[in-house]
Amino acid sequence: MPRHFLTLADLSAAEIETLIARAMHLKQAFQRRQLQQTCAGRVLALIFEKSSTRTRVSFETAMAHLGGHSVFLSPRDSQLGRGEPIEDTARVLSKMVDAVMIRTFEHERITRFAEHASVPVINGLSDSYHPCQLLADLQTYYELKGPIKGKKVAWFGDGNNMCNSWINAARIMDFHLHVAGPVACHPSADMVRQGGANLSLGEDPLAAAAASDLIVTDTWYSMRQEAEAEDKQDLFRPFQVNERLMTSAAPDAIFMHCLPAYRGAEVSAEVIDGSRSVVWEEAGNRLHAQKALLEFLLEGMG
Ligand code: CP
Ligand code: NVA
């Protein structure tokens, strides 16, 4: 059975810390233009059933830097869009490529794909999780502030795929995550159970931000939820990350957002473009964290 990366829970805390250390090393090497072809001759298939900028470019660039190749597939120009079963696609791609990344809708579509694949499968975002983003986010935290164990992270807004992956991270890396959002958009009961003592939920944004080391948010409307945009504006508005909210956080607190961001909605322009925002470093780290992940899954490094 190959090793898959479907949620952050597929890795232990020690493995995540090893990947972060390797990602930091690869970042420094990249800045010196010293690229190591550790995945020479390997091919990664990239299936995108939803849009992407960062995930596509970071995986394609990572494979190019590591000496391998990538193949981009979308439903529009592959047989997936004409109803070929995901199980058959998994079996066929496993005969040709060394790993497959999928971005899709129901998380169950990725688990079904992985069950029928004989090569590593990477979740490039599902309706339920976005684990690749968490690798980059944790790398960013470690680089700027050191280990995250015992720290307080506050999440604002929707209990979405990113929020779920932060819940996984809190559990694995043993920090406290406070989720503040409208009750109707809180994480599911199952995610709350998974978060255990590392998770608390609330509806008071200033209480959530109080003494937090890291403030995180994401769009109020994830891909496929666009039709709900108008209805939920008023519910979400009190949870906007703005200067008032940042003032309640620890004096050295930083701000993260996986992007794309909507200024004036989930975050004010002054916060995302301000001195406590680390979103550009965070986005850039997708490249380095995923290189470390690819080496780990394809070459057993780490
Ligand atoms: N953060 C992120 O995954 O961005 P993309 O949707 O552009 O890939
Ligand atoms: N929650 C967002 C993340 C985008 C990277 C979405 O699923 O659209």
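Residue numbers here run from 1 along each chain, matching the order of that chain's written sequence. Ligands are numbered from 1 and chains lettered from A, in the order in which they are written. The predicted nature of this model means local features are confined to residues of pLDDT at least 70 and side-chain atom pairs, given and counted, to a pLDDT of 80 or more, with totals for whole chains, interfaces and linings taken over all residues. The basis for every side-chain value is the complete set of heavy atoms in the structure, and neither hydrogens nor water enter the calculation.

Asker: Can you tell me about the overall build of the protein chain, naming the residues and giving the values?
Answerer: Secondary structure counts use DSSP, requiring at least four H or I residues in a row for a helix and at least two E residues in a row for a strand, with both numbered from the N terminus. A tally of helices and strands in the protein chain yields 12 helices and 9 strands. Taken over C-alpha atoms, the radius of gyration comes to 19 Å for the protein chain, in line with the 19 Å a tight globule of 302 residues would show. Expressed as lengths along the three principal axes of its C-alpha atoms, the size of the protein chain is roughly 55 × 45 × 35 Å. Accessible area is worked out with a 1.4 Å probe on protein chains only. A residue is then buried under 20% of its type maximum, exposed over 50%, and partly exposed in between. Of all 302 residues assigned to the protein chain, the portion counted as buried reaches 56%. Surface accessibility of the protein chain: about 12500 Å² in total, with carbon and sulfur atoms responsible for 51%. Charged-residue counts in this description rest on Lys and Arg as positive and Asp and Glu as negative, His and the chain ends being excluded. For this purpose, a charge sits on NZ of Lys, CZ of Arg, CG of Asp or CD of Glu. Charge separation in the protein chain, taken as the distance between the mean sites of 30 positive and 37 negative side-chain charges, equals 5 Å. To get the radius of gyration, use the C-alpha atoms; to get the globule rule, take the number of residues to the power 0.38 and multiply by 2.2 Å. Accessibility throughout is a Shrake-Rupley quantity obtained with a 1.4 Å probe, and a residue counts as covered only by protein chains that appear here.

Asker: Describe the packing of helix H1 (residues 13-31) against helix H12 (residues 279-299), and please don't skip the residues or the numbers.
Answerer: Geometry is summarised by axes, namely lines fitted to C-alpha atoms with helices restricted to the contacting stretch, and by angles between N-to-C directions that run from 0 to 180 degrees. In contact at an axis separation of 8 Å, H1 and H12 are set at 115 degrees when each is read in the N-to-C sense. Accordingly, the angle class assigned to the pair H1 and H12 is roughly perpendicular. The crossing of H1 and H12 is right-handed. Contacts between H1 and H12 involve Glu15, Leu19, Arg22, Ala23, Leu26, Lys27 and Phe30 on the former and, on the latter, Glu281, Asn285, Leu287, His288, Ala289, Lys291, Ala292, Leu293, Glu295 and Phe296. Geometric relationships in this document are graded by angle, where less than 35 degrees denotes roughly parallel, more than 145 denotes roughly antiparallel, 65 to 115 denotes roughly perpendicular, and other angles denote oblique. If you view the pair so one helix is near and one far, a crossing is left-handed when the near helix is turned anticlockwise from the far one by less than a right angle, and right-handed when it is turned clockwise. Residues count as neighbours in contact if any of their non-hydrogen atoms are within 4.5 Å of one another.

Asker: Could you give an account of unusual backbone geometry, with specific residues and numbers?
Answerer: In this structure, the amide linkage connecting Leu259 to the following residue, Pro260, adopts the cis form with an omega of 5 degrees. In this structure, Pro260 sits in the loop between strand E9 (254-257) and helix H11 (269-272). A positive phi angle, near 60 degrees, is found at Ala211, a position not held by glycine. With respect to the secondary-structure elements, Ala211 resides in the loop between helix H8 (205-209) and strand E8 (214-217).

Asker: I'd like to hear about the site of ligand 2, residue by residue, with values.
Answerer: Consider each residue's heavy atoms; a residue with any of them within 4 Å of a molecule or strand counts as near. By nearness alone, every residue bordering ligand 2 is listed as Leu125, Asn160, Asn161, Asp218, Thr219, Ser222, Met223, Cys258 and Leu259. We define a polar contact as two N or O atoms separated by no more than 3.5 Å, with the added condition that, inside protein, one atom must be a possible hydrogen donor and the other a possible acceptor, whereas residues neighbouring each other in sequence contribute only through side-chain atom pairs. With respect to ligand 2, the side chain of Asn161 contributes an N or O atom lying 2.8 Å from a nitrogen atom. Between ligand 2 and the protein, one listed contact pairs a nitrogen atom with a side-chain N or O atom of Ser222 at 2.7 Å. A total of 270 Å² of accessible area belongs to ligand 2 in isolation, and the protein chains cover 94% of it. Taken together, the residues that form the shell around ligand 2 break down as 4 nonpolar, 4 polar and 1 charged. Classification used: nonpolar for Ala, Val, Leu, Ile, Met, Phe, Trp, Tyr, Cys and Pro, charged for Asp, Glu, Lys and Arg, polar for all others including Gly.

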